[in-house]
Every structure is written in C-alpha cells, then in structure tokens.
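Coordinates in review
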Amino acid sequence: MSDTVVRFAPSPTGLLHVGNARTALLNFLFARKSGGKFLLRIDDTDSERSKPEYEAAIVEDLKWLGIAHDLFARQSERAEAHRAAAEKLKAAGRLYPCYESALELDRRRQRQIASGRPPVYDRAALNLSAEERAKLGAQGRKAHWRFKLSQSKVKWRDLIRGEVEIDTAHLSDPVLIREDGRFLYTLPSVTDDVDFAISHIIRGEDHVTNTAVQIEIFEALGATVPAFAHHPLLVGAGGEALSKRLGSLSLRLLREDGIEPLAAVSYLAKTGTSDPIVPHTTISELIEGFALEKIGRAPAHFDPAELSNLNAKLLHALPFEAVALRLAAAGIADAAPFWEAVKPNLARFSDVGDLWTLVEGPLAPIVENAPLIAKAAELLPPEPWDEATWTAWTGAVAAATGAKGRALYHPLRLALTGREHGPELKKLLPLIGRARALARLNGEKA
Ligand code: GLU
C-alpha cells in the first residue's frame, strides 16, 4: 500500500475552469499512478464567498471529467483542528496579536514605498507590552494574528522546479487569523495537509511563495513537510495570461460546447509536457503515461481551437462500445454501422442527431441532373446491400451515362442526402436502404 496522499483544494467561490481542472487532474493522475489516494478538499473558510452550489458544481464537474476522489473534506467542518493548531503556534511564540487597522497598515506601506523600502510588515506589534495590548483591547480593538516568520532561507527540492530557495526575510509575517476570528487560507491548509498526511502538494506556481511560509508553519507545528511540485500556469495560445478570461473557460461551458471529457483530460494532462497532445480514449492510458518529470518549466498553452480539434479527433477514434449507450439514448437504431459511417464527420457528439436524419429522413432530395438521376434509379441493385454496393452501382451508372468523378458523385450525393457534403456514401447507402434511396432518386421527400 502506497503512502501517497495528494489533494485538490478548490475554494467553492466559482466554477472550475480549465486551469484548476488541470491541477486536479495532475493530482489525480499522480495518485493513481502511485497507487495512492486523492483527497478532494473544499477550502470553504471564506464563509462570505463560499457557496454550497459552487461546491456541488465542483463535485459534478470533476465527476464529469472522470476524476474520482477517494477522500472528501470540508474545511469549514474542521475549525476545531485549526484552532488547536493556532494555540500550538501561540504557545511556541510564533503567532502574535496585532492591532493595526487596514488604514494604518496602508499608510505605513505607502511611507515605506515612498522612501524606497520594501513594503514588508515592520513587526511593530511584536514590541507591544502586555499592558499596551490590554489597553488596546480595552479600547475595543480586536487583534488579528500574524505568523512570525523565521526570516531565513527556506529551501526545498521541487519535483517540477528543482531546487527552490526563498528568503522569508523579504516577506511580511502573514496574517493567519482575521480580527473577526476567522482563519485565512494558510493555517487551515497546513493543518489539514498535516491531518490528512498529505505526502505531495501539487499545485500552480502562483503558490511558490506561499510554500515557503507554509513550510515554516509545518515545521513550527512539528509536522513532516510534504514534497512540493509547482506546475507552470496555463496561458492562452499567444502566451497571454488566461486569468481574465477564466470565466469563459469554465468546464461547464466546455461541456455545453460539446467537448468530451476525455478530450479535455487528454489536453490538460499533456499540455506543457514533453508528450504530444493526442486523443486518449481511456483515462488509464493517461495514468500509465503520467510522470511529473515530463512537466516542463515553460507555461502550458491552452488553445480552445486546439481543444476542439482534439475533440473531433477523439470522436473519430472512439469505438462503438464507448458510445453505444449514448447513441441508444439519442434514439438511433442500427447504431454500430451508423457510428462507423459518421464518426469521421463529427466535431461534437451531438452532431449525430443531424447526421441520423440523412439515414432516417425525411429529407428533401436535390435533383441536379435529372437524366443521370433517372438512370441511377433504374440501375439501383436489389438488396441485400453492403459497402460494396456503392462501387458496383456507381460503376454501372458511369458505364451507362459516361459521367465520372464529381459529375457523377455530386448529383448522387445531392439526391440521396440533399446536401453537398457528408459521410462516405458507400457506408451510408446500406443504412439508407433501397426503398428510401429509390424514393429520394425519384425526387420524393423520404
Ligand atoms: N484553496 C486554495 C486555492 O484554490 C488551495 C491552494 C492549495 O494549497 O493547493 O488556491
């Protein structure tokens, strides 16, 4: 049994977008590859912005992607553990009360910037005597609590970035508890990582600085520090930051656009890695091929057009068994040969509904070359039909009329399907069947 436990820790303050879905996926693939466990942790300590409907949407969207969790936790239900951790830090002298108002802090920052100093918290509150604190308390001032950084170099070997070193002397002591008593993200996160024995933290590189702070907190709590892997963030096709557009890149919208979950995970698992982005028809293939070492240091690209393209390629590669239930649900009979006939023409699965009308009708044929079509109707062979029927039949029509190439095939397609383009007729013809084909060649709606 592997000791690997990873977590994906979204805040339920919005819908999942491709960026956080990628983080979830990398954690999931890592867990499955190593035989470990995947924790879905809902970071809902911000009670103002967290919404149960977002939590439900996160769970549903991950399920849609095929990312199943082994463990589930909600931070809001773990307040006692967070308070205990805070007490431990206070006892160790690493968590201290501060009384500055937001306005005072802001003024101080402005002054620091104006005099060319880095805007780092000056630790004034550390020098308050017990009496001064009591006095501030008596004035009705409520304390917020800061973690006292070691002001030294924190180092770790990041599983993606290699050796990382951050000097916490350049950072402000982070506020862990707000003046209303609520916890900010940092301490609950570390506490839960400790309690769930998280072995690897895999997340975006926007958290690198947080990691230095968190490593100090793990150590101050006397806990084992997990391994870290910070992946580069997704950027648009032209290298632009996606952050502004993330709302339009939610999984919900991809799903509404007809993106298959396997296309989305194939893309998100491979973008930014040394592997090519190709469609994978099962998630096991992705697990098999997963390795953190394959993730590069350069930003990973996300291009909606490329994803649509991959989606089409995935559909073209899907065997009938993978879609049998969905075709049945769409009311499509004789679905196996139909799937083989139409899948190369699909951009999204829902296109099957439209293509099914080519078989089932009724459709209005277009008769462009009446004498040719009349001859073709006359030469229509008896059933049973198979894929060889088309070649034999069109051969006979060519011999009788002298028409060939486009002059032969185009009028036949228009008459049989009422359209300029479509699936291969040698596959479609046996599905249309003789009765309907004949009716269409006779110009009847069928
Ligand atoms: N809730 C945090 C976020 O969404 C979790 C970050 C992390 O520790 O992975 O940014």
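Residues numbered from 1 in each chain as written. Predicted model: local features only at pLDDT ≥ 70, side-chain atom pairs only at ≥ 80, totals over all residues. Heavy atoms only, no water.

**Notes on the pattern of salt bridges**
When charged atoms on two side chains of opposite charge get close, those side chains can pair. For the structure on display, the rule yields 34 salt bridges. For the salt bridge of Asp61 with Arg252, the shortest nitrogen-to-oxygen distance reads 2.7 Å. On the criterion of sequence distance, the pair formed by Asp61 in helix α2 (residues 52-65) and Arg252 in helix α8 (residues 251-256) is long-range, its members being 191 residues apart. The buried category is assigned to Asp61, whose relative accessible area is 0%. (Salt bridge = Lys/Arg side-chain N within 4 Å of Asp/Glu carboxyl O. Helix = DSSP H or I, 4+ residues; strand = E, 2+ residues; numbered from the N terminus. Buried < 20%, exposed > 50% of the residue type's maximum accessible area, 1.4 Å probe, protein only.)

**With respect to the layout of surface pockets**
By volume, the largest pocket is sized at about 870 Å³. Forming the walls of the largest pocket are 34 residues, and the residues nearest its centre are Ala9, Ser11, Asn20, Asp206 and His207. The dominant element in the lining of the largest pocket, judged by the number of residues it contributes, is helix α1 (residues 18-34), at 4 residues. Considered class by class, the residues forming the lining of the largest pocket number 13 nonpolar, 12 polar and 9 charged. (1 Å grid on protein atoms, 1.4 Å probe; cavity = no way out; pocket = protein on both sides within 12 Å on 5 of 7 lines; lining within 4 Å. Points joined across faces, edges and corners; volume = space filled by probe spheres on them. Nonpolar A, V, L, I, M, F, W, Y, C, P; charged D, E, K, R; others polar.)

**Quick word on helix α14 (residues 351-360)**
Of the residues making up α14, those classed as buried are Val352, Leu355, Trp356, Leu358 and Val359. Taken around the axis of α14, the buried residues stretch over an arc of 145°, which confines them to a single face. On its buried face, α14 is in contact with α12 (320-329), α13 (335-342), α17 (406-417) and α18 (425-441). With its phi angle positive at about 65°, Gly361 sits one or two positions after the end of α14. (Arc of directions from axis to C-beta. Contact = heavy atoms within 4.5 Å.)

**Here's the deal with the sheet that holds strand β5 (residues 144-147)**
The 3 strands are arranged β4-β5-β8 in an open sheet whose pairing can be described as antiparallel. The open sheet has two edge strands with one neighbour each: β4 (95-98) and β8 (175-177). Adjacent strand axes in the sheet meet at a mean angle of 45°, parallel and antiparallel pairs treated alike. For β4 and β5, the ladder comprises 4 bridges, and the chain directions are antiparallel. Across the sheet, Cys98 pairs through a bridge with His144, a residue of β5. (Pairing = 2+ DSSP bridges. Axes fitted to C-alpha atoms, helices over the stretch in contact; angles between N-to-C directions.)

**Structural notes on the side chain of His82**
Its place among the elements puts His82 in helix α3 (residues 79-91). For His82, a relative accessible area of 1% puts it in the buried group. One polar contact links His82 to Asp192, side chain to side chain, over a distance of 3.0 Å. (Polar contact = N/O pair within 3.5 Å; in protein donor to acceptor, adjacent residues only side chain to side chain.)

**So, empty space enclosed by the protein**
Per the stated rule, a full pass over the model turns up 1 cavity of 30 Å³ or more. In this structure, the largest cavity encloses a volume near 40 Å³. Here the residues of the lining of the largest cavity are counted per class, giving 4 nonpolar, 2 polar and 3 charged.

**Observations concerning the packing of α14 against α18**
Relative orientation and spacing of two packed helices are given, respectively, by the angle between their axes and the distance between those axes. Two elements in contact, α14 and α18, have axes whose closest approach is 8 Å; the angle formed by their N-to-C orientations is 50°. Between α14 and α18, the interaxial angle falls into the category oblique. Taking contact as the criterion, the partners of Thr357, Leu358, Val359 and Glu360 in α14 are, on α18, Leu428, Leu431, Ile432, Arg436 and Arg440. For the contact of α14 with α18, the residue count by class is 5 nonpolar, 1 polar and 3 charged. (Parallel < 35°, antiparallel > 145°, perpendicular 65-115°, else oblique.)

**Here's the deal with the packing of aromatic side chains**
This model, assessed by the stated rule, comprises 8 aromatic pairs. Considering the side-chain rings of Phe28 and Phe38, the 6.0 Å spacing of their centres and the 85° angle between planes classify their relative orientation as edge-to-face. Here Phe28, found in helix α1, pairs with Phe38, found in strand β2 (residues 37-42); they are 10 residues apart in sequence, far enough to count as distant. Both residues of the pair, Phe28 and Phe38, count as buried. Taken together, a centroid distance of 5.0 Å and an interplanar angle of 85° make the contact between Phe338 and Trp356 edge-to-face. On the criterion of sequence distance, the pair formed by Phe338 in helix α13 and Trp356 in helix α14 is long-range, its members being 18 residues apart. Here the aromatic residues Trp390, Trp393 and Tyr409 are joined through ring pairs into a cluster of three or more. (Phe/Tyr/Trp six-rings, centres within 6.5 Å; stacked < 30°, edge-to-face > 60°.)

In short, geometric facts, not functional conclusions.
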